[in-house]
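What the coordinates show
Okay, here's what each chain looks like letter by letter:
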Amino acid sequence: MTQEPLQDQAEIPVEEADSTSAGIPVQANIEITNNAEEEVKIPPDLPILPLRGMVVYPHTAMPLTIGQPRSLKLVDEVVTSNDRIIGLFTALDPEQEVPGPDDVYKIGTLAQIHRLFRAPDGTVRLLVQGLSRITIDEFTQIEPFLRANVTLSPETVEEGIEVEALMRNVMDQFTRLAELVPNIPADLITNALSNVDDALQFAYSIATYVRVDLEKQQTVLELPTLTAKLRHLMNLLAKELEVLELGRKIQHDAQSEMEKVQREYFLREQLKAIQRELGEGDEQTVEIEEFRQKIETAGMSTEAEREARRELDRLAKLPTAAAEYGVIRTYLDWLVELPWQKRTEDRLDIAHASDVLNEDHYGLEDIKERILEFLAVRKLRLERHLTVEEQDAAQPEPDNLQNRIRRLREGAILCFVGPPGVGKSSLGASIARALGREFVRMSLGGVRDEAEIRGFRRTYVGAMPGRLVQSLRRVGTRNPIIMLDEIDKLGRDFRGDPASALLEVLDPEQNHEFRDHYLDVAFDLSEVMFITTANELDPIPAPLRDRMEIIRLSGYTEREKQQIAQRYLVPRQIRQHGLHAEEVSIEEAALLSLVRNYTREAGVRELERQIGSVIRKVATQIAEGKVEHYKVQEDDIRTFLGYPKMGYHDEIEERTDLPGVAVGLAWTPTGGDVLFVEAAQMQGKQSFQYTGQLGEVMQESARAAYSYVRANAGALGIESHYFDQHDIHLHVPAGAIPKDGPSAGVTMATALVSLITRRPVRSNMAMTGEITLRGLVLPVGGIKDKVLAAERRGLDTVILPKRNAPDLDDLPEEVRNTMHFVLAERVEDVLHHALM
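Residues numbered from 1 in each chain as written. Predicted model: local features only at pLDDT ≥ 70, side-chain atom pairs only at ≥ 80, totals over all residues. Heavy atoms only, no water.

A count of helices and strands for the protein chain gives 29 helices and 25 strands. Taking all 836 residues of the protein chain together, 49% fall into the buried category. Pairs at least 24 residues apart make up 74% of the contacts formed inside the protein chain by residues separated by at least 6 positions. For the protein chain, the accessible surface area stands at approximately 40,900 Å², while carbon and sulfur atoms represent 48% of it. (Helix = DSSP H or I, 4+ residues; strand = E, 2+ residues; numbered from the N terminus. Buried < 20%, exposed > 50% of the residue type's maximum accessible area, 1.4 Å probe, protein only. Contact = heavy atoms within 4.5 Å. Areas by Shrake-Rupley, 256 points an atom, 1.4 Å probe, with all protein chains shown as cover.)

Our next topic: the sheet that holds strand 9 (residues 439-443). Taken together, five strands build an open sheet; the order of strands is 9-10-13-8-14 and the sheet is parallel. At either end of the open sheet lies a strand with only one pairing partner, and these are strand 9 and strand 14 (548-552). Between one strand and the next, the sheet's axes are offset by a mean angle of 20 degrees, whatever the strand orientation. Sheet topology places strand 8 (residues 413-417) next to strand 14; five bridges connect them, and they run parallel. Bridge pairing in strand 14 links V417 to R552. The strands touched by helix 14 (residues 424-435) within the sheet are strand 8, strand 9, strand 10 (481-485) and strand 13 (529-534), with strand 10 carrying the most contacts at an inclination of about 175 degrees. Seen against the sheet, helix 16 (residues 467-475) touches strand 9, strand 10 and strand 13 and runs at an angle of roughly 155 degrees to strand 9. (Pairing = 2+ DSSP bridges. Axes fitted to C-alpha atoms, helices over the stretch in contact; angles between N-to-C directions.)

Moving on: the nonpolar core. Side chains that are nonpolar tend, in soluble globular proteins, to be buried together. Counting residues in each nonpolar core, the largest one holds 54 residues, and the members touching the most others are F416, I611 and V632. Per-element tally for this core: the top contributor is helix 21 (residues 605-623), with seven residues. Look past the residues within four positions of F416 in its chain and what remains in contact with it is I371, K424, L427, G428, I431, I531, T532, T533, A534, I551 and L553. In this structure, V417, A499, F523 and L525 belong to the second largest nonpolar core, which totals 53 residues. (Core = buried A, V, L, I, M, F, W, Y, C linked by side-chain atoms within 4.5 Å.)

Glancing now at the packing of aromatic side chains. Tallied over the entire structure, the rule returns eight aromatic pairs. With 5.8 Å between their ring centres and 85 degrees between their planes, Y706 and F723 make a pair best called edge-to-face. Of the two residues, Y706 sits in helix 24 (residues 696-711) while F723 sits in helix 25 (residues 722-725), which places them 17 residues apart along the sequence. A relative accessible area of 8% places Y706 in the buried class. Centre to centre, the rings of Y722 and F723 are 5.3 Å apart; their planes meet at 90 degrees, and the pair counts as edge-to-face. Residue class for F723 comes out buried when judged on its relative accessible area of 4%. Ring-pair connections join several aromatic residues into one group, and the members of that group are F688, Y690, Y706, Y722 and F723. Across from the ring centre of Y331, 3.7 Å away, lies the NZ or CZ of R458, which sits over that ring. (Phe/Tyr/Trp six-rings, centres within 6.5 Å; stacked < 30°, edge-to-face > 60°. Lys NZ or Arg CZ within 6 Å of the ring centre and 35° of its normal.)

One can find P44 in the loop between helix 1 (36-39) and strand 2 (46-51). Spatially, the C-alpha atoms of P44 and R147 are 8.8 Å apart, while their sequence positions differ by 103 residues.

Our next topic: helix 6 (residues 214-222). Residues of helix 6 that are buried: L214, Q217, Q218, V220 and L221. Along the axis of helix 6, the buried residues cluster in a sector spanning 150 degrees; they form a single face. (Arc of directions from axis to C-beta.)

This brings us to the pairing of strand 8. Within strand 8, five of the five residues are buried, which leaves it mostly tucked inside the rest of the structure. Judged by which residues are buried, strand 8 turns out to be covered on both faces: I413, C415 and V417 on one side and L414 and F416 on the other are all buried. Examined bridge by bridge, strand 8 and strand 13 share four bridges and lie parallel to one another. Looking across to strand 13, one finds that F416 is bridged to T533.

So, about the pattern of salt bridges. With the rule as written, the count across this model stands at 38 salt bridges. The partner of E527 in a salt bridge is R343, and the shortest N-O contact between them spans 2.7 Å. One end of the pair, E527, is in the loop between strand 12 (522-523) and strand 13; the other, R343, is in the loop between helix 10 (323-337) and helix 11 (350-360), and 184 residues separate them in sequence. The class for E527 is buried, based on a relative accessible area of 8%. R343 sits in the partly exposed class, given a relative accessible area of 33%. (Salt bridge = Lys/Arg side-chain N within 4 Å of Asp/Glu carboxyl O.)

Another point: the packing of helix 21 against helix 22 (residues 634-641). Their axes nearest at 10 Å, the elements helix 21 and helix 22 cross at an angle of 90 degrees. The orientation of helix 21 relative to helix 22 falls into the category roughly perpendicular. Contacts between helix 21 and helix 22 involve Q610, S613, V614, K617, V618 and Q621 from the former and I637, F640 and L641 from the latter. Split into classes, the residues belonging to the contact of helix 21 with helix 22 amount to five nonpolar, three polar and one charged. (Parallel < 35°, antiparallel > 145°, perpendicular 65-115°, else oblique. Nonpolar A, V, L, I, M, F, W, Y, C, P; charged D, E, K, R; others polar.)

Our focus in this paragraph is the side chain of T532. Structurally, T532 is set in strand 13. Its relative accessible area of 0% is what places T532 among the buried residues.

This part takes up the confidence of the model for the protein chain. In the predicted model, the protein chain carries a mean pLDDT of 82, and the fraction of residues at 70 or more is 88%. Across the protein chain, the element-wise mean pLDDT spans from 39 in strand 1 (residues 3-4) up to 93 in strand 22 (residues 770-771). Contacts for the low-pLDDT stretch residues 1-38, under 50 throughout, to residues beyond four places or in other chains number 99 contacts. Of the regions scoring below 50 in pLDDT, residues 394-399 engages in zero contacts with residues more than four places distant in sequence or in other chains. (pLDDT = per-residue confidence, 0-100.)

Relative to the helices and strands, I487 resides in the loop between strand 10 and helix 17 (498-505). Given a relative accessible area of 3%, I487 falls into the buried group. Along the chain, I487 and I540 lie 53 residues apart, while their C-alpha atoms are 7.3 Å from each other. In contact with I487, other than residues within four places in its own chain, are L444, L502, L506, T532, T533, A534, I540, L544 and M548.

Moving on, we get to the packing of helix 26 (residues 745-757) against helix 29 (residues 827-834). The contact between helix 26 and helix 29 brings their axes to 10 Å, and the two run at 55 degrees. One way to sum up the angle between helix 26 and helix 29 is to call them oblique. Judged by the twist between their axes, the crossing of helix 26 over helix 29 is right-handed. Residue-level contacts link A749, T750 and V753 of helix 26 to V827, V830, L831 and A834 of helix 29. Partitioned by chemical class, the residues of the contact of helix 26 with helix 29 number six nonpolar, one polar and no charged. (Left-handed = near helix turned anticlockwise from the far one by under 90°.)

Turning to helix 19 (residues 558-576), a few remarks are in order. Remark: the principal bend of helix 19, roughly 45 degrees, maps to A565. Just downstream of helix 19 lies G578, where phi reads positive at about 75 degrees. (Bend = angle between axes of the 7 residues up to and from the residue.)

All right, on to the pairing of strand 13 then. Sheet faces and side chains relate simply in a regular strand, where the side chains alternate between the two faces. In terms of burial, strand 13 is largely enclosed, as six of its six residues are buried. The alternating pattern of strand 13 places M529, I531 and T533 on one face and F530, T532 and A534 on the opposite face, and all of these are buried. Pairing analysis gives four bridges linking strand 10 to strand 13, with the strands arranged parallel. Residue M483 lies in a different strand from strand 13, and its bridge partner there is I531.

Structure, rendered in structure tokens:
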């Protein structure tokens, strides 16, 4: 069954519905009786009409539309009776088609049908008047329609000043509501409600007009007292007023904005008319002409110029208020601001480049030599081949000369690989200064979106070019040096693979036609000199690694760190802390103490931080007026920085004092380091275990070392029944740090033999090398970093695989002269030199 407010009052005869409005209580032609509960006799088995989505209150009249077959049967039976009395109860769920006894509220309204109109579509229009509040006692019939026994539930009607005050407040709020809601008749307030003497009828009449949800409408009906109903209405009206007033404010603001836009539009049109009369161009015309001039002077490629002029023609036809206008304007800004033909002349002076590199960096002689070779080759290839081209310039093909120059400018893309703090990034800046080029540093660490490299397509809101094009526009030249920092830390996810996007950028055969997604025209990157940096090579994809020339930077020696601190770090820290060079100085012995006892790194970043801590202590004393000049000596370092944080050589001597401990060398992305291998024995039966968070390869090295020792027990002086009576535990300390690789094989074998034979390992010695079951010592990588780590820890002897002898040529001459190297071919050679 369906009950809806009457929507078309034209369907009701005029003589019967002269004051009826859809969803509005009827006040005319119906006498609403205040004491209806005394005059109306409630019949037994009262027909019950469920209402969907509305509540009919006592003392009000409402139009209803009946369409459900069950409801039509109810109406047909009720209208034949004399009193035409029915019960109106609201359904709990407005969406339920046929509510049952448990699907309606228990409190409703006793109503009388006053008018009836049968529509051509088969529905029936009713006009009902609410008489009294009733409560269902029990249902007596379900089919063909609901019947129930009900009892009257009269409300408690108070009198007095409080009721009058509540009525006035409700009336005031409703008057304000009527001003905001257009479908409330104005004469309802002036005539109907103002003349209502019955306070209960007043409350129910007001409730009919408040637009709230069904549950709150039912609450008005169910509240037992008049004052409760009025207070509830005050709360509903206050909330409704707040919503409506906010909506009106929003509408007013929107209207004001629209009027502002229209006003600006009319003013612009008037300004254009005035400018036309004066013979001047309007703002848009001036801007279009500026773009046209910039396109002509930008020196774009043919494709880019054609695209720019096409977009400019579109811009000229659009009004400035159009959303597309700003998009096209931004695109043209990017096109005309790019350095299509602007470049800086290279200063290919090898002597000048050498001076700059030596001025900016101490040590790194091999690296400097390779960079100078790189620059010399670029100079010779460019100059000499250009001379040949000048001779053939009489009959050149259209683009051959330009392409030949581009190929000559191409060179290897350098990739500096090394631990943090060794000067990879600053080397790029020095190369740029030596060549006289602009320098741009792009950090790629954590970049996961391909659009960071290639740009965003213009279909997206807020699209912009990639970081490469942005950098070129910022420096204003087409041949800068761009350093792609931390290229080994590129990420990849569902948004794309930035490393794959870099394949085109770093390929000289492709990057002369690099196409950014935003620009969508080719831009020549062949004159850009790319330099990349990384801490390790493994994370870099092989195709990308193949496009670069790898230059490895290892850590610094003690002497190099000392010189770097004296020449660069100390002066920089003095300036940064507001001091003058004559106010503070640090002795070489103090710097050596900082290097040995307070830092343990391949680079110099931590060293600079420790120097900064010392300078701050001195700056405090100078600021307090205690001293005017301070010379930091070795004893001051411990006073300023506390107990040494890093053991130098004492730790190694203490730990290798007992048999079963050997010192190995390891390579890490942050440089070389020493590691200890400890072995312990206990009573047992041939058990062997290893701990220290070892990777799979390192576990295999441990098992290989153990098997070699058991297989050669006789030759090593070990009793044959030893392994039948003992368990052995091999441990690599710093268990929280994962470790892997084969280079600790000889160290593990040495620790095992030292334990079993009770012969300690020499405390001044470290070793590295892979072991085989036959006792061979195989070569390993990272020799330079490992040797420098041994040198930093005060060790003077290193055992290396014999096949790693060529790697010694990469070591600094200072290290080669001060350290002793043992080249071992078999494990027996290692044990001979390592065990005391």
